[in-house]
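# Analysis of the macromolecular model
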Amino acid sequence: MVMILGPVSYLDCIVFCILLAPQLIWRVGLFETLACVLRALPFLVVKLPTAFIRDRYLVRRKHRPPFVQRASPFEDFVIRCVRYAFANIPPKVGRVFFSKQVARPFLRFRMLRHGYLRSPISWSEHEGDSIRGIWLIRNPEESPDFVLYYVHGGGFSMGSTYFYLEFLLTWLSVLTLSGYKNPAIFALEYTLVPEASFPTQLHETIRGYRHVLSKAKDPSIVCVSGDSAGALLILSLLLQIGSKEELNGTKAHHDGRLVKPALALLISPWVTLVSPRHRNTKSDFLDVQQLHRYGRQFAGGSVSINEAAASPGCCKDKTWWKRSSPSGGVFITYGEEEVFAPEIDELIRFLRESGVVIGSKRASGGIHAWPVASLFLSSSRKERLDGLTNITKEIRKRIPQQIQGNCSDEGIGVHVSD
């Protein structure tokens, strides 16, 4: 079974706001919520419509920001709102947008709008082994022939597996349509800042990977993946797998060396926590000042922001990267207009010089984590699934379907959740 919902509509946006409002009042407070709304009014009433009309209809196409040239009016409008929110709304407010309490009923509404009373794909919450997350699998009664380990983004301060659930359900459907008979995904729910800082998130990422290996049994069917901050944690995980020594109390090899996965697939990775290469663009919604603030908060007081374990781009040891590289290599997809693009370019160049098998797709006019965002914002099915389809093709090249897997006969043991 597969489930691929249609694009987000204006009705969806209204319902999302209805679900969001009481959660903001309950978790943030009425007065602080109202204060955020009042601070946003000049942008919403004056700056947003003025810039939107100018850039889309009064400026010649070749002089428009690259993303605006390729985006639909709806995509452009939403990204402008996200850009304002990322730069101006406090994380404790922003994290409510991505919370389970908002994301899960919103997904339920979208499913009902598309005729699904319950999910045709098996998924369940996991809590145990000092980790939390969500398992998704096509058939829970059988062993998987491919397992994706996913770590979500959100600047370490926001985001949740529940906000990404529709994206992951769609990705599982695309994996099924690509030919895998029983693909599975485990999405990690890690502790956000300020509840904890480094190395807590890396410890959880390592434990999550151990959990995935215990279910997959065969590392040759495992792909590790993530977007933005989650992709940084995946890079840190790889460095820990390839490390020979313990770094700042963070060691992956507590009871025997961890084996490498078959492939690492990164979506717009945050390579270096704080970098002079980070530059704001007219297209991307990320803001350098906020990113660096989040990066310093993530590092906390336990390590320097230049420590390789916390900021993988600071690792300039070619042998270490070669030793850490998965058997199928690393594939990175990103946008040429995103804040992280120069740093990602440098990582790709450095990994190639290190002898790592590296593939990449640099989307012309693209912005941060567009394969995730386009699923919700783009109008046509092709545009919405283009990012996931291209990523899945790369997976298929590197991890062929297992004819006779070495996986557990017990399956994942999940149930269908609505």
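We now turn to the structure provided with this report.

Conventions we followed
Residues numbered from 1 in each chain as written. Predicted model: local features only at pLDDT ≥ 70, side-chain atom pairs only at ≥ 80, totals over all residues. Heavy atoms only, no water. Core = buried A, V, L, I, M, F, W, Y, C linked by side-chain atoms within 4.5 Å. Buried < 20%, exposed > 50% of the residue type's maximum accessible area, 1.4 Å probe, protein only. Contact = heavy atoms within 4.5 Å. Helix = DSSP H or I, 4+ residues; strand = E, 2+ residues; numbered from the N terminus. Salt bridge = Lys/Arg side-chain N within 4 Å of Asp/Glu carboxyl O. Axes fitted to C-alpha atoms, helices over the stretch in contact; angles between N-to-C directions. Parallel < 35°, antiparallel > 145°, perpendicular 65-115°, else oblique. Nonpolar A, V, L, I, M, F, W, Y, C, P; charged D, E, K, R; others polar. Expected span 1.5 Å × (residues − 1). Pairing = 2+ DSSP bridges.

Attention now goes to the nonpolar core. Among the nonpolar cores identified, the biggest contains 120 residues, and Tyr149, Tyr150, Phe167, Trp171 and Ile395 are the most heavily contacted of them. Excluding its chain neighbours within four sequence positions, the residues that come into contact with Phe167 are Tyr150, Ile267, Pro371, Val372, Leu375, Phe376 and Leu388. Membership of the second largest hydrophobic core comes to 10 residues, among which are Phe16, Leu24, Cys36 and Val93.

Moving on to unusual backbone geometry. Apart from glycine, the bulk of residues carry a negative phi angle, and the bulk of peptide bonds sit in the trans form. In this chain, Val193 is followed by Pro194 through a cis amide linkage whose omega measures 10°. Among the structural elements, Pro194 can be located in the loop between strand S4 (183-188) and helix H8 (200-216). A cis amide bond, omega 10°, links Phe198 with the succeeding residue Pro199. For Pro199, the location among the structural elements is in the loop between S4 and H8. With a phi angle near 55°, Asp129 is a residue other than glycine that sits in the positive phi range. In this fold, Asp129 is placed in the loop between strand S1 (122-128) and strand S2 (131-137). By relative accessible area, Asp129 is classed as exposed at 57%. A positive phi angle, close to 50°, is found at Ala369, a residue other than glycine. One can find Ala369 in the loop between strand S8 (358-363) and helix H13 (370-377).

Turning to the pattern of salt bridges, a few remarks are in order. Enumeration according to the criterion identifies 19 salt bridges in this entry. Of the charged contacts, one joins Glu32 and Lys92 as a salt bridge, the two residues approaching to 3.1 Å between their closest N and O atoms. With Glu32 in helix H2 (residues 30-58) and Lys92 in helix H5 (residues 91-97), this residue pair connects regions lying 60 residues apart in the sequence. Among the residues examined, Glu32 registers a relative accessible area of 28% and is labelled partly exposed. Its salt-bridge partner being Arg349, residue Glu353 comes within 2.6 Å of it at the nearest N-O pair. Linking Glu353 with Arg349, this pair stays in helix H12 (residues 341-353), spanning 4 residues, or about one helical turn. In this structure Arg349 comes out as partly exposed when scored by relative accessible area, which is 35%. One network of salt bridges, in which partners are shared, links Arg54, Asp55, Arg56, Asp76 and Arg80.

Glancing now at the packing of helix H7 (residues 165-177) against H13. At a closest axis distance of 10 Å, the pairing of H7 and H13 adopts a crossing angle of 95°. Classified by the interaxial angle, the pair formed by H7 and H13 is roughly perpendicular. Packed against H7, whose contacting residues are Glu166, Phe167 and Thr170, the element H13 presents Pro371, Val372, Leu375 and Phe376 at the interface. Split by residue class, the contact of H7 with H13 holds 5 nonpolar, 1 polar and 1 charged.

Our focus in this paragraph is helix H1 (residues 10-27). For H1, spanning 18 residues, the distance from its first C-alpha to its last is 25 Å, which sits close to the expected 26 Å at 1.5 Å a residue. Among the residues of H1, Asp12, Val15, Phe16, Leu20, Gln23 and Leu24 are the ones counted as buried. Next to the buried residues of H1 lie H2, H5 and helix H6 (100-113). Residue Gly29 follows H1 closely and has a positive phi angle near 115°.

Bringing the environment of Lys361 into the picture now. As for its placement among the helices and strands, Lys361 is situated in strand S8. For Lys361, a relative accessible area of 38% translates into the label partly exposed. C-alpha of Lys361 to C-alpha of Phe331: the two residues are 30 residues apart in sequence and 8.1 Å apart in space. Ignoring any residue separated from it by four or fewer positions in sequence, one finds Lys361 in contact with Phe331, Ile332, Thr333, Tyr334 and Asn390.

Strand order in the open sheet formed by 8 strands is S1-S2-S4-S3-S5-S6-S7-S8, with mixed pairing between adjacent strands. Only two strands of the sheet have a single neighbouring strand rather than two, namely S1 and S8. Neighbour-to-neighbour, the strand axes of this sheet turn through a mean angle of 15°, independent of strand direction. Bridging between strand S6 (residues 263-267) and strand S7 (residues 330-335) involves 4 bridges; their strand directions are parallel. Considered in S7, the bridge of Leu265 is made with Phe331. Across the sheet, H8 touches S1, S2, strand S3 (146-151), S4 and strand S5 (222-227), and the angle it forms with S3 is around 170°. Across the sheet, helix H14 (residues 381-398) touches S3, S6, S7 and S8, and the angle it forms with S6 is around 170°.

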